[in-house]
Each structure stands twice: as C-alpha cells, then as structure tokens.
Amino acid sequence: MKKFLNDVNTMLRESLGGMVEAHPQLLRVEFEPTFVARHEAATNKVALISGGGSGHEPLHAGFVGRGMLDAACPGQVFTSPTPDQMLAAAAATESGKGVLFIVKNYAGDGMNFQMASEILEIDNATVLVNDDVAVENSTHTTGRRGVAGTLVVEKAVGAAAEQGATLAECKLLGDRVNAATASMGVAFTSCTVPAAGRPTFDIGPDEIEIGVGIHGEPGRRRAAHMPANEIVRLLMDAILGDLKPKAGREVLLHVNGFGGTPLMELYLLHHAASTRLKADGLVPVRSLVGNYTTSLDMAGASLTVTLLDDELKALWDAPVHTAALRW
C-alpha cells in the first residue's frame, strides 16, 4: 500500500487540519469531539448538520459553508461518527431555529444520529437519504443506501435554510428532494482502507461491479468490462425505472467519481448519460461533474438524476460558498 500518510491513527486529524488551513476564512475544526463548522456561525436560521465515515471527501466537510451545511461530523474512515460529535456540532451552530440532521442510510450513521436526535434538547428533525437504486438491502443498511444524491439534498435544503425556511419546511423539502433523486454506480477497482492496508474486495482486471456501494459493498452483479455506453445504459435503466419520469421533465444530471477516475472519463459518461436522457424525452438542464462522493481511491463512478421543478432549480442555482462547491 502506497499512500500519503504518516500514521493511520493521526491521518484524519492531519487531513482535517489541512482542510481548515487551506480555507481559514471559511472553516474551523474542533477535536474531542470532532466536527467541522463554518468559521463564523450563521444566525437566525435552521442549522444543517451532516456527517459520516471519512473517505468520501469532499462529502461532507467540503460542503460546510454559506448555502449548504453549518457543520459536518466526520468519523474515522468508513466508520460512523458518534453521538457526542453531533451534539457538540449542534451546540456550536444552533441559533434558535432548530437543527436538521441530513443522514445517509447506513446502519451506524442512522443509529448514532438517531441517538443524538433523542438526546438533543433542541428542536430537531432528520432527513434520511436513500437514493441508491442498486440494491434494496446491503451489508451496511436496511433499505436503500444513501450515496451521491446526498449532495443534492444538502444543496437544496442548504439554500432554503439560508433563505429563512423553517425546520418543518426544511424537513419536508429534504424528503421531497430525496424522493425525486436516484443514483447507481459501478466500480472497476476496490478501494484500500489505510488501516487495512489491502483492497476491500477482489476484482479481476477485466471485471466490473455493477451497483457497488461507496464503501465497496457488492452491487447487483459482477460482469465483464464493457463499453461506456453499455454501462450507462445499465445504470440509467435502473435509475429511470425507479423515478419513472414523464417525457418533457427537466432533470439534474450528476456524474460523480469515486476518487480514482479521471475527469476525462467522467465527462465522457456525462455525454453518454445526457444523450440517453434526451432520447427518453427528458431535459437535462442542470449538471454537476466531478469527484464529490468518493470512496478513497476506488476507480469507478455513479450517475444521479434528480427530477426538477422551478423551486428546485432556483434552490440549486442559489449562491453557495464551500470548500468544494462555489457559485
């Protein structure tokens, strides 16, 4: 295993330190318990808090800032954060309008965020993201996994919270965006967790995992490598089969890299996916391409489609200033 690290036990602390040092006017980090928050806490708005195991950067800490999250709670690599992290983040960011937790549907994340929600003596609610259509249940979840669609939820709800939406309105919006979003990914290689020092799963040089999870969980099936257009067809069949959009519907297309795939290939996927959407009578009016919900060094990508309306387009277009997204 060759990685840029000094000690696996200090890797997360050093990485978070580097992120804050790179964006000192945007972010701050607290340790024991660990959370990343806006450098200057927002006031008079619902506080949005997310988090999960590290290794998916820039999700979630990279989305802390104006127009998105107020704080993110990172656990160790692929390990859920603990309730004391969420409680500390809530205490540091809540400004009288309540707290909304945005949680990917994984067993550890769900359990620990629920525990924090029950302990927290502040008005709070939770949006559970489960956009992955690959499998209904996995080794980490009951029900569908939360993957790259989490970014779409955080962006839309973040914009609404910044504009003064109430806790109840933010909760309803988050659930609506989640229901309008579907994702599915494919992996060419495994990832290597630093503490393990070896690939999470074995895959042949000419094989791909269709429907892989962002921790290396198995997908629908293992298959021989195939052209990009065929891979896009398989992913889009599942995504559109789940969303069942009507012809003429405007959509957001998010092509997400898992950390080890060049942008050249991601834009090729965008071309293929956009072509498929148009062939089905859909109208891709918003796009996002890049590595946003990664799986360490895994080679592969996912496609996410969100059904849009005028409100969601406006929320997507609203100003955002984070380490990973800015417009």
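About the thresholds
Residues numbered from 1 in each chain as written. Predicted model: local features only at pLDDT ≥ 70, side-chain atom pairs only at ≥ 80, totals over all residues. Heavy atoms only, no water. Pairing = 2+ DSSP bridges. Helix = DSSP H or I, 4+ residues; strand = E, 2+ residues; numbered from the N terminus. Axes fitted to C-alpha atoms, helices over the stretch in contact; angles between N-to-C directions. Contact = heavy atoms within 4.5 Å. Salt bridge = Lys/Arg side-chain N within 4 Å of Asp/Glu carboxyl O. Buried < 20%, exposed > 50% of the residue type's maximum accessible area, 1.4 Å probe, protein only.

Chemist: Which residues make up the sheet that holds strand β11 (residues 250-257), and what values do they have?
Modeler: Across the sheet, which stays open at both edges, the six strands sit in the order β10-β9-β8-β13-β11-β12 with mixed pairing between neighbours. With partners counted over all chains shown, the strands left at the sheet margins are β10 (221-224) and β12 (283-290), one partner each. Ignoring strand direction, the axes of neighbouring strands in this sheet form an average angle of 20 degrees. Pairing geometry for strand β8 (residues 181-187) and strand β13 (residues 300-307), over seven bridges, is antiparallel. Bridging from a neighbouring strand, Met184 pairs with Leu303 of β13. Set on the sheet, helix α6 (residues 228-243) makes contact with β8, β9 (207-210), β10, β11 and β13; between it and β8 the angle comes to about 155 degrees.

Chemist: How would you explain the pattern of salt bridges if you had to name every residue and give the values?
Modeler: Pairs may arise between side chains of opposite charge once their charged atoms sit close together. With the rule as written, the count across this model stands at 22 salt bridges. Here Lys45 makes a salt bridge to Asp70, at a shortest N to O gap of 2.7 Å. Taken as a pair, Lys45 in the loop between β2 (35-38) and β3 (47-54) and Asp70 in the loop between β4 (65-66) and β5 (71-77) lie far apart in primary sequence, 25 residues in all. Assigned by exposure class, Lys45 and Asp70 land together as buried.

Chemist: Give me the lowdown on the pairing of β3, citing residues and values where you can.
Modeler: Of all eight residues in β3, eight are buried; the element is thus mostly enclosed. Pairing geometry for β3 and strand β6 (residues 99-104), over four bridges, is parallel. Directly across from Ser50, in β6, lies its bridge partner Ile102. Pairing geometry for β3 and β5, over six bridges, is parallel. From the neighbouring strand, Ile49 faces β5, where its bridge partner is Ala71.

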